[in-house]
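An overview of the molecular structure
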Amino acid sequence: MIRIIGIGSPFGDDAAGLIAARRLAAAPPPGTEVIEADRPGATLIELLDGADAVILIDAAHTGAPPGTLHDLDLYDLPRNPIALVSSHDLGVVEALRLATVLGRAPARGRVLAIEVGSLEKAPQACSAVARAASEYAVRRARYWAEELRALTVESYAD
Amino acid sequence: MPSSKATSRTIHVSALTRVEGEGALHLAVEAGKVVDLRFEIFEPPRFFEALLRGRHAAEAPDIAARICGICPVAYQMSAAHAFERLFHVQIDPAVRALRRLFYCGEWMESHALHIHMLAAPDFLGCESIVTLAEKERPAVERGLRLKQVGNAIIALLGGRSVHPVGACIGGFTRVPRPAELAALRERLARAHDDAVACVRWVAGFDLPDRHLDIEFVALRHPSEYPMNEGRVVSSKGIDCAQEEFDDCFEEHQVPHSNALHAKVKGRGPYFLGPLARMNLNFDRLGPEVAALARATGISFPSANPYTSIIVRALELVYAVAEAMRIIDAYEPPPAPSAPFRPRAGIGRAITEAPRGMLYQMYETDERGIIRSARIVPPTSQNQAQMEADLRDLAPGLLRRSQAEATRLCETAIRNYDPCISCATHFLKLDIVER
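Values in this document were obtained by computation on a predicted structure and should not be read as measured data. (Residues numbered from 1 in each chain as written. Chains lettered and ligands numbered in written order. Predicted model: local features only at pLDDT ≥ 70, side-chain atom pairs only at ≥ 80, totals over all residues.)

1. Considering the overall build of chain B
A count of helices and strands for chain B gives 13 helices and 13 strands. Pairs at least 24 apart in sequence give 74% of the contacts found in chain B among residues at least 6 apart. (Helix = DSSP H or I, 4+ residues; strand = E, 2+ residues; numbered from the N terminus. Contact = placed C-beta atoms within 7 Å.)

2. Section: the nonpolar core
Within the largest apolar cluster, 163 residues are counted, with the highest numbers of intra-cluster contacts made by Ala141(A), Ile153(B) and Leu314(B). Ranked by residues supplied to this core, first place goes to helix H4 (residues 93–123) of chain B with 15 residues. Beyond its immediate sequence surroundings of up to four residues, Ala141(A) is in contact with Ile4(A), Ala20(A), Leu24(A), Ile55(A), Ile57(A) and Leu112(A). (Core = buried A, V, L, I, M, F, W, Y, C linked by C-beta atoms within 7 Å. Buried ≥ 20, exposed ≤ 12 C-beta atoms within 10 Å, placed from the backbone.)

3. Observations regarding the pairing of strand S10 (residues 345–353) of chain B
Residues and elements named next belong to chain B. Where burial is concerned, most of S10 is hidden: seven out of the nine residues are buried. As paired elements, S10 and strand S11 (residues 356–364) share nine bridges and run antiparallel to each other. From the neighbouring strand, Ile 346 faces S11, where its bridge partner is Glu 363. Count of turn residues in the S10/S11 antiparallel hairpin: two residues. (Pairing = 2+ DSSP bridges.)

4. Considerations on helix H7 (residues 178–203) of chain B
All names here are of chain B. Along its 26 residues, H7 runs 36 Å from first to last C-alpha, staying within 8% of the 38 Å computed at 1.5 Å per residue. Within H7 the residues assigned to the buried category are Leu 181, Leu 184, Leu 188, Ala 191, Ala 195, Cys 198, Val 199, Trp 201 and Val 202. Those residues of H7 that are buried are in contact with H4, helix H6 (137–158), helix H10 (287–295) and helix H11 (308–328). (Expected span 1.5 Å × (residues − 1).)

5. Brief notes about the sheet that holds S11(B)
Backbone-to-backbone hydrogen bonds join strands into a sheet, with any given pair of strands oriented parallel or antiparallel. Residue and element names in this part refer to chain B. With antiparallel pairing, the three strands of this open sheet are ordered in space as S10-S11-S12. Here the strands that pair on one side only, and so sit at the sheet edges, are S10 and strand S12 (370–376). For this sheet the average axis-to-axis angle between neighbouring strands, irrespective of direction, equals 15 degrees. As paired elements, S11 and S12 share six bridges and run antiparallel to each other. Counted as the bridge partner of Thr 364 is Ile 370 from S12. Those strands touched by helix H3 (residues 72–86) are S10 and S11, and its axis lies near 145 degrees from that of S10. (Axes fitted to C-alpha atoms, helices over the stretch in contact; angles between N-to-C directions.)

6. Section: the sheet that holds strand S6 (residues 231–234) of chain B
Residue and element names in this part refer to chain B. Pairing is antiparallel across the open sheet formed by three strands, whose spatial order is S5-S6-S7. Among the strands making up the open sheet, the edge pair consists of strand S5 (217–220) and strand S7 (239–240). The strands touched by helix H9 (residues 274–281) within the sheet are S5 and S6, with S5 carrying the most contacts at an inclination of about 55 degrees.

7. Here we look at the packing of H4(B) against H6(B)
Residues and elements named next belong to chain B. At a minimum axis distance of 8 Å, the contact between H4 and H6 shows a crossing angle of 155 degrees. In terms of axis orientation, H4 runs roughly antiparallel to H6. Considering the relative orientation of H4 and H6, their crossing is left-handed. (Parallel < 35°, antiparallel > 145°, perpendicular 65-115°, else oblique. Left-handed = near helix turned anticlockwise from the far one by under 90°.)

8. Details of unusual backbone geometry
All names here are of chain B. Omega for the peptide link from Phe 300 to Pro 301 comes to 5 degrees, which places this bond in the cis form. Summarising the element assignment, Pro 301 is placed in the loop between H10 and H11. For His 88, which is not a glycine, the phi torsion comes out positive at approximately 55 degrees. By the element assignment, His 88 lies in the loop between H3 and H4. His 88 gets classed as exposed once you count the C-beta atoms within 10 Å, which come to 11. Unusually for a residue other than glycine, Asp 417 sits at a positive phi of about 50 degrees. Following the sequence through the fold, Asp 417 ends up in the loop between helix H13 (402–414) and strand S13 (426–433).

9. Re the packing of H7(B) against H11(B)
All names here are of chain B. Where H7 contacts H11, the two axes come as close as 9 Å, and the packing angle between them is 160 degrees. The angle between H7 and H11 falls in the class roughly antiparallel. The handedness of the crossing between H7 and H11 comes out as left-handed. Contacts from Leu 181, Leu 184, Arg 185, Leu 188, Ala 191, His 192, Ala 195, Val 196, Cys 198, Val 199, Val 202 and Ala 203 of H7 reach H11 at Ile 309, Ile 310, Ala 313, Leu 314, Leu 316, Val 317, Val 320, Ala 321, Ala 323, Met 324 and Ile 327. In terms of residue class, the contact of H7 with H11 is made up of 21 nonpolar, one polar and one charged. (Nonpolar A, V, L, I, M, F, W, Y, C, P; charged D, E, K, R; others polar.)

10. Section: the environment of Phe39(B)
Structurally, the position occupied by Phe39(B) is in strand S2 (residues 33–40). The contacts of Phe39(B), once residues within four sequence positions are left out, are Leu25(B), Gln383(B), Met386(B), Glu387(B) and Leu390(B).

11. Here's the deal with the confidence of the model for chain B
Residues and elements named next belong to chain B. Scored by pLDDT, chain B comes out at a mean of 88, with 88% of its residues at no less than 70. Here residues 1–21 is modelled with pLDDT under 50, and outside its nearest four sequence neighbours on either side it reaches 54 contacts, counting other chains as well. Contacts from residues 420–427, a stretch scored under 50 in pLDDT, to residues over four places away or in other chains number 43 contacts. Across the interface, the model reports ipTM at 0.80; the global pTM reads 0.88. (pLDDT = per-residue confidence, 0-100.)

12. Overview of H11(B)
When the terminal C-alpha atoms of H11(B) are compared, their 30 Å separation across 21 residues agrees well with the 30 Å that a helix rising 1.5 Å per residue should span. For H11(B), the tally of buried residues reaches 18 of 21 residues, placing the bulk of the element in the interior.

13. What to know about the environment of Cys198(B)
All names here are of chain B. One can find Cys 198 in helix H7. Accessibility expressed as a C-beta count within 10 Å gives 26 for Cys 198, which makes it buried. When the C-alpha atoms of Cys 198 and Ala 112 are compared, they prove to be 9.0 Å apart, with 86 residues separating the residues in sequence. Those residues in contact with Cys 198 that sit more than four places away from it in its chain are Ile 115, Arg 142, Leu 146, Ala 313 and Leu 316.

Spelled out as structure tokens, the structure:
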């Protein structure tokens with residue numbers, strides 16, 4: 001099973017991951033479970049339990065134009081200078097590394113990170129971020145869900 | 001390195017990843033004396049106070065819960081109690097007990113996280129939880145188990161563990177079935193052993209021995225260890241009703257921070273959180289936890305902030321035992337919530353968030369529409385005390401390396417468990433020697 005986890009606080013651009021997850025939850029890709037995780041912190045480790053693969057969708061702050069979609073392998077994340085902004089309590093990277101040390105991380109996964117325009121709290125995400133989340137990230141998540149599902153089936157066949 | 005000449009030393013530290021908060025500490029030293037110290041944190045609740053205006057009272061518990069991903073129960077509880085007081089809502093005793101259970105879940109979740117993931121690495125010479133997990137895997141797994149049981153309580157009563165939505169004015173939107181509580185009860189029995197083991201583990205840590213002149217403030221209930229109810233008391237003589245909070249405490253703006261600083265009127269900073277609760281309510285812990293506390297060798301009241309990690313572990317045991325007691329005595333209430341009729345006025349409530357008293361005040365019109373809201377989180381109340389603590393620590397930092405000075409500051413700040421949303425990504429430490 002592939003778990004898609006949207007991460008973020010519900011306000012302003014930080015909501016990008018939640019916006020994408022909500023859209024995906026309305027029509028989940030086959031073989032996936034979609035979770036809107038708010039700011040899970042160390043609870044992310046529990047959310048990874050039992051998943052063959054995972055797609056994390058979060059907000060990022062790297063200085064790229066707002067709405068830019070970063071798409072990277074889950075296990076490239078700790079080596080990547082990308083700063084995920086919703087890394088409250090235990091950060092996403094730290095939670096992932098901890099899950100790996102404890103043998104609780106899935107074999108594979110992707111991180112889709114949406115570049116924010118502002119870190120200020122606001123009632124809504126700005127239009128560029130909202131569009132990237134609800135369209136580009138959703139499309140990309142559907143693509144990866146299919147790819148990861150194929151890989152998971154293959155590894156079972158081995 | 002400090003030099004004998006008049007030099008300026010600036011230390012930039014992108015650390016404090018384990019205290020959530022856009023924190024910055026600026027320290028200026030002249031002839032070995034601290035002449036200026038400013039600790040800055042970002043504080044988002046002001047945004048929520050504005051957001052709440054014009055909303056209906058019934059929406060407030062859910063909106064307030066969104067302030068913090070770690071202590072949403074506290075935000076829901078203070079909001080619900082404030083409106084219940086204002087609207088004269090009578091709470092069924094079973095609902096009252098369930099709310100206490102809800103809070104036990106949050107204390108467990110938050111304390112287990114803080115002890116194992118955030119604070120323990122400081123005392124065991126590990127740079128992070130990942131290093132600690134490599135060294136002490138069973139302890140870290142135990143911490144995650146404890147946290148998970150806390151989350152399960154929150155998920156049962158709140159509908160989900162992250163950003164729960166179950167509490168409302170008058171009670172809950174749904175109450176658990178006895179079978180659901182029975183499943184939880186089994187997990188709590190194991191959690192109890194884990195929590196006791198956790199106390200023994202942290203009691204063996206080599207904690208700094210630094211005693212400060214502190215005014216501790218916490219709620220105090222006539223018979224219970226405080227969570228949702230009680231008078232406000234302090235170690236220097238305050239004893240007031242929750243409604244009198246503003247008569248005893250004041251918030252004031254400081255130029256260097258967008259968070260308000262709080263102090264006891266006519267005095268100074270005060271200290272909130274587990275250590276304050278235990279110092280002021282040791283006689284409410286019950287015999288089991290009191291005996292465990294004595295066995296740690298610390299005598300309470302303790303004025304050493306570093307003992308906070310042990311107190312969190314003791315409160316973990318308390319919360320697990322209290323949760324089992326509540327489940328054992330549970331009889332479902334006749335209705336999940338009591339109805340309420342809005343009225344115009346002001347409602348106030350304080351409850352004990354994992355990191356200390358959380359005060360909320362709402363003014364409504366006769367339809368229950370919120371005209372003004374005030375939210376005073378524990379982290380902002382602790383901020384002046386954190387500065388006082390750092391000021392005491394500062395002279396000893398100058399002989400230290402940059403890395404060591406930062407570690408000492410982080411450890412001291414972490415004793416207060418500054419709240420996630422009330423704090424974020426790193427501390428920037430500037431030390432300037434003049």
